[in-house]
Every structure is written in C-alpha cells, then in structure tokens.
Amino acid sequence: MKGINVKSEIAPLKKVILHRPGRELLNLTPAKLEELLFDDIPFLKVAQQEHDAFAAALRGEGVEVVYLEDLMADVIGADEAVRDQFIAQWTREANIHTEMYTNILRDYLLENYADPKALVEKTMEGVTLNELNVDRSNALVDLVSSATEMVVNPMPNLYFTRDPFANVGNGVMINRMYSVTRNRETIYGEYIYKYHPDFVGTPQYYSRYNAFHIEGGDVLNINEHTLAIGISQRTEPDAIDELAKVIFYDETSSIDTILAFDIPNSRAFMHLDTVFTQIDYDKFTIHPGIMGPLTVFEITPTGNGKIHATEIHDTLENILTKYVGQPVELIPCGGGDRIAAEREQWNDGSNTLCVRPGTVVVYERNDVTNAVLTDKGIRIIQIPSAELSRGRGGPRCMSMPAWREF
C-alpha cells in the first residue's frame, strides 16, 4: 500500500506508522522532565516490551506495521546528499549554530553511525558532551559544563507518532508543534513524505514552517467530508484557519467541513483525542468533563479561497449525531464514577485506537472503562502499559494510520 488513505477513525486499519521507544528515554533526567514534557521516567526495557506487544496485537489484526525510524533510514540510506542535508538541518534545529560544533557533530555522526538506521536512532537519542572529541578548554561554556551535559536534547515523545504529522484523506499535515522540543520531531515527517517511495507525492495540507501550532492528537477524521479539530493547549485557532484555506480548495481533498472544538486548556485535556475517540459507527468514548454544553465552530468554504465560521452551542452528543449521520452513544471513561474517571483518564482511558468498527486497542490498566466497553458490545484488545502510560498518551497517541479501507 503506497500513499495515504485515511477518511475515518473506525474503518478497517490496514497500515500504521509507529515508533518503538529507544535510547532517547535513557536521556530523560528529573531535571529535564518539564522541558521534555514528561511527568516521569519510563523504564525503557519494559516500555519496549509493551510497545512490541502493541505492534504484535496490530499485526494479529492484519495491520501492516511500519516504523518511523525504518522509513527515515530508507530515505537517508538511498541518497548520501539527502543524508547530508538531513544532518545539517537536524543540527541547525538542535540550536547548534557555531561552525566548530556543526562540524564536530557532523563528523561524529558520519564516523560512528555508518548504518542509516543507527544514525537515525542517534539523532532521536540526543548527544552528550562527553561523547564528542572536544578540547573543553577551547570554550568557556564547555569548560564550565558537565561532561554529561546534553549538546543535543533527546526526543522522548517520538513514540507518540500521532502528533508530528497527521494523515487526512489522501494527504498529510506536517505539523508545527506547540513546544520547541517536539517541533524538532517533525523533521522526520518532512523527509519521509518528500523522499520515501511509499509516500513521495503525498499532498501536503499544512507545513511545519507555518507560524501557528497544530498537533495530530487534535485532528479526528469523522468521515470523508468532515474533520474535527480541537482548539487546545497545543493547537491554535489560527492554524485551523490556515489548514481550512488549503484543504477546502485542494483538488485532492474531499473535506468540506471542519468542526473546531474549544476544549479546556489543561494537561488532562491536552488534545481532542484525550476528550473523545470514535470506537464504532455509533459509539464514542469520552471524558466525563466534556458532557456539558460545548462551544464548537463549524468552518466551511465560501469560494475564492475564503472560509466562514459559525459558532454552535450544543451538547457533544447532538453535534456528533448530526455530523456522523446517526444517533450516537457516548461512553464515559470510568463508567461515570468520578474517581475512576479521573484516574483512568490520566492513563488515557478514552484514548483508544480503533482497528475496525467495534474493535479497539486499549491499555489494560483501565479496567473500569474496559469493563464498560465490553458491556457495550465493544471488542477490546488490551495491551500492557505500566511504562508506556508514563508519557501521558494512549494507543491512539502512539499510532498514525496510513491506510484505512473505505
């Protein structure tokens, strides 16, 4: 399967992009947690075992699993000029601007990581000062820095492949991320969608060089005509405007309506997919805190590259019923129990990955919510998550569908 085909959240999943957690998690330290957007430090060995179980579960359902690191290795392994361009860009975006360190980093990578995949994984892992052949007396900043100082920060959030880019219809959004540390992640999407033979030529609806932030966790494909996008901590309304002006008028797109959900700006409501996810033709899991009246904006094209936004005040149930095209049932995380809901929402109880209508991948730790889903006739595929959940993202966050049957 080449190209992109994602026009639904629930159509049978055939191909998905994952990233197996790597040594970037080993460069997480307590002092770096806030800067790198983590609340705790996952145990890498167990996180990898859990992620492998996730990938195995998807393969068991007939899904082709491809890895971000392998796709990127294919790109730089096929063309040395592209590899060199990537290294130079990665160095700049790591805020390395001196000629000395630019040359040192380039030489270090080329001399020690000849294998393309190893080089890619090293760019994800980060680089410490003591790895480099540096005479620290040549610069005051080096002399006063610890040998374990990170010259280039790691990218520990990469296993949440949902956010740096978003596949929509037959195209892609290469996102501008909310934080500097995560915006560096989108460099891999830029190269993969530009050069990889499986994705080259994919229409691009949003650029990582745009001025406004938007993240893939806020983008839900309701159907081939409608997108739901969260106005959230991580996604700005200006970005949604910019996306609409492109996607409504691109001949490769069938999207003609965007629903912009104004959700609370908090860690618990980080993205729209932490608030609700679709799990069947007529069923959604939801955060109970979103049950009241919502402010939603319907955005439509008016011609000549322009758009129109209309404010809607209604319940989530009524809004989804209208745009899904049939009555829907909202299943609250924690089954409506306040304490269970808060606990399991923290561990992404409503962040599910739908493999096909009525079959979803969930974290096994959310036993109250999982029991409710089972009672509602949903088939659940439970995966271990003691360590993966420390990154504050669930199965949907950890996956970027590339192809769904439609």
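Given the structure is predicted, the values throughout are model-derived calculations rather than measurements.

This brings us to the environment of proline 237. Mapped onto the elements, proline 237 comes out in helix H9 (residues 237–247). Sequence-wise, proline 237 and aspartate 70 are 167 residues apart; in three dimensions their C-alpha atoms are separated by 34 Å.

With that settled, consider the sheet that holds strand E12 (residues 283–286). The three strands lie next to each other as E11-E12-E15, forming an open sheet whose pairing is mixed. Single-partner strands in this sheet number two, and they are strand E11 (276–280) and strand E15 (329–332). In this sheet, adjacent strand axes meet at a mean angle of 30° when their direction is disregarded. Judged from the four bridges that link them, E11 and E12 form a sheet pairing that is antiparallel. Bridge assignment links aspartate 280 to a residue of E12, and that residue is lysine 283.

On to the pairing of strand E10 (residues 257–262). Counting buried positions over the six residues of E10 gives five, a clear majority of the element. Pairing of strand E9 (residues 226–231) with E10, which is carried by six bridges, proceeds in the parallel orientation. Each residue of the ladder has a partner; that of threonine 226, found in E10, is threonine 257. With respect to chirality, the unit in which E9 leads through H9 into the neighbouring parallel E10 is right-handed. Bridge count between E10 and strand E13 (residues 294–303): four bridges; the pairing is antiparallel. Bridged to phenylalanine 261 within E13 is valine 296.

About the thresholds
- Residues numbered from 1 in each chain as written.
- Predicted model: local features only at pLDDT ≥ 70, side-chain atom pairs only at ≥ 80, totals over all residues.
- Heavy atoms only, no water.
- Helix = DSSP H or I, 4+ residues; strand = E, 2+ residues; numbered from the N terminus.
- Pairing = 2+ DSSP bridges.
- Axes fitted to C-alpha atoms, helices over the stretch in contact; angles between N-to-C directions.
- Buried < 20%, exposed > 50% of the residue type's maximum accessible area, 1.4 Å probe, protein only.
- Right-handed = clockwise from strand over helix to strand, strands pointing away.

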